[in-house]
Amino acid sequence: KAKSIEAARRAKGKIVIATFYPRDVDRIRTFLEVAKAAERKYVLQSKTAHLLLSLANDPRIQVPDVLRDPDILVYDRQMDRQASWEASLFAQVGERVVTSEYVRTHQEELLVQLDFWVLQELIDIQPAPGSPFIHSKSEPIEEDDEVELALRNWIRFFRLRRHQFHASGHMSEREISEMIRKIRPRAVIPVHTEHPERFTRFASRVFSPERDVPIDVS
């Protein structure tokens, strides 16, 4: 969050673009706080705004208020066909629905959420060269990741400045090893990894699970 605020404040006269997992409510909230700290409006994709509007009906969840927060704008991609849920959303948001033309002419005032699948909106937005592109997702696992290669091409073509600011929910190998050494379990069963054999570096009894095969940890 602090690094994102710093990047946004330095982007004088430029748009700030952020991409993150669109259903990550905590990350959505964080970037609203970033936008406010940098004195910018926060432009959400319509699906993200609709998600927040739906979750607002649950009193157990604290989410940004799409309908009442004046710093939240909702992006209209202006497709040939508009879904009924999107039309309803835009009707409720009213004057805070913005298009690519508005974003293009108010770049220095905005922080825009732009997911990978709608990067083609950059063609109409025409971001100023050097605008920060904050990638708040995990780094690619493989070097030849097709999504990552396409993303790099978009960033290179529009001469954006990429920032990798992400706090993963996954533990690093070092953190896992420290946890196992402190707990000192009788057995370790890796279930969410592509390299279960690496656990033998810091655990004496490691069992790799197999489907329908019982494990005796006695």
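Structural data are supplied above this passage.
Residues numbered from 1 in each chain as written. Predicted model: local features only at pLDDT ≥ 70, side-chain atom pairs only at ≥ 80, totals over all residues. Heavy atoms only, no water.

A separate point is the sheet that holds strand β4 (residues 97-98). Read across the open sheet, the 7 strands follow the order β4-β3-β2-β5-β1-β6-β7; overall the sheet is parallel. With one partner strand each, in any of the chains shown, β4 and β7 (161-164) form the two edges of the open sheet. As defined by bridge partners, strand β1 (residues 16-19) adjoins strand β6 (residues 132-135) across 3 bridges and the pair is classed as parallel. Directly across from Thr19, in β6, lies its bridge partner His135. Sitting on the sheet, helix α2 (residues 25-37) touches β1, β2 (41-45), β3 (72-75), β5 (110-113) and β6, and the angle it makes with β2 is about 150 degrees. (Pairing = 2+ DSSP bridges. Helix = DSSP H or I, 4+ residues; strand = E, 2+ residues; numbered from the N terminus. Contact = heavy atoms within 4.5 Å. Axes fitted to C-alpha atoms, helices over the stretch in contact; angles between N-to-C directions.)

Moving on to the packing of aromatic side chains. Where two aromatic rings form a pair, the distance of their centres and the angle of their planes describe that pair. Counting across every chain of the model gives 5 aromatic pairs. Ring geometry for Phe20 versus Phe31: centroids 5.3 Å apart, planes at 10 degrees, classification stacked. Of the two residues, Phe20 is situated in the loop between β1 and α2 and Phe31 in helix α2; the sequence distance between them amounts to 11 residues. Each member of the pair Phe20 and Phe31 is classed as buried. Here the aromatic cluster, defined as three or more aromatic residues joined through ring pairs, consists of Trp154, Phe157 and Phe158. (Phe/Tyr/Trp six-rings, centres within 6.5 Å; stacked < 30°, edge-to-face > 60°. Buried < 20%, exposed > 50% of the residue type's maximum accessible area, 1.4 Å probe, protein only.)

With that out of the way, let us pick up the environment of Arg9. Locating Arg9 in the fold gives a position in helix α1 (residues 2-10). You can call Arg9 partly exposed: its relative accessible area is 47%.

Let us now look at a nonpolar patch on the surface. Judged by side-chain polarity, Met171, Met179 and Ile183 come together as a nonpolar surface patch covering roughly 280 Å² of accessible area. Secondary-structure assignment places Met179 in helix α8 (residues 173-183). (Patch = residues over 30% accessible without salt bridge, like charges linked within 9 Å, V, L, I, M, F, W, Y side chains within 5 Å. Areas by Shrake-Rupley, 256 points an atom, 1.4 Å probe, with all protein chains shown as cover. Salt bridge = Lys/Arg side-chain N within 4 Å of Asp/Glu carboxyl O.)

Now for the packing of helix α3 (residues 46-55) against helix α4 (residues 84-93). Here α3 crosses α4 at 75 degrees, and the two axes come no closer than 10 Å. The angle between the axes of α3 and α4 places the two elements in the roughly perpendicular class. For the pair α3 and α4, contact is made by Ser46, Lys47, Ala49, His50 and Leu53 and by Trp85, Glu86, Leu89, Phe90 and Gln92, respectively. Residues of the contact of α3 with α4, tallied by class, amount to 5 nonpolar, 3 polar and 2 charged. (Parallel < 35°, antiparallel > 145°, perpendicular 65-115°, else oblique. Nonpolar A, V, L, I, M, F, W, Y, C, P; charged D, E, K, R; others polar.)

A full pass over the atoms with the stated rule returns 15 salt bridges. Between Glu6 and Arg10 there is a salt bridge, with the nearest N and O atoms lying 2.9 Å from each other. Here the residue Glu6 and the residue Arg10 both occupy positions in helix α1, the gap between them amounting to 4 residues, near one helical turn. Salt bridges linked by common partners bring Lys36, Lys41, Asp69 and Asp71 together as one network.

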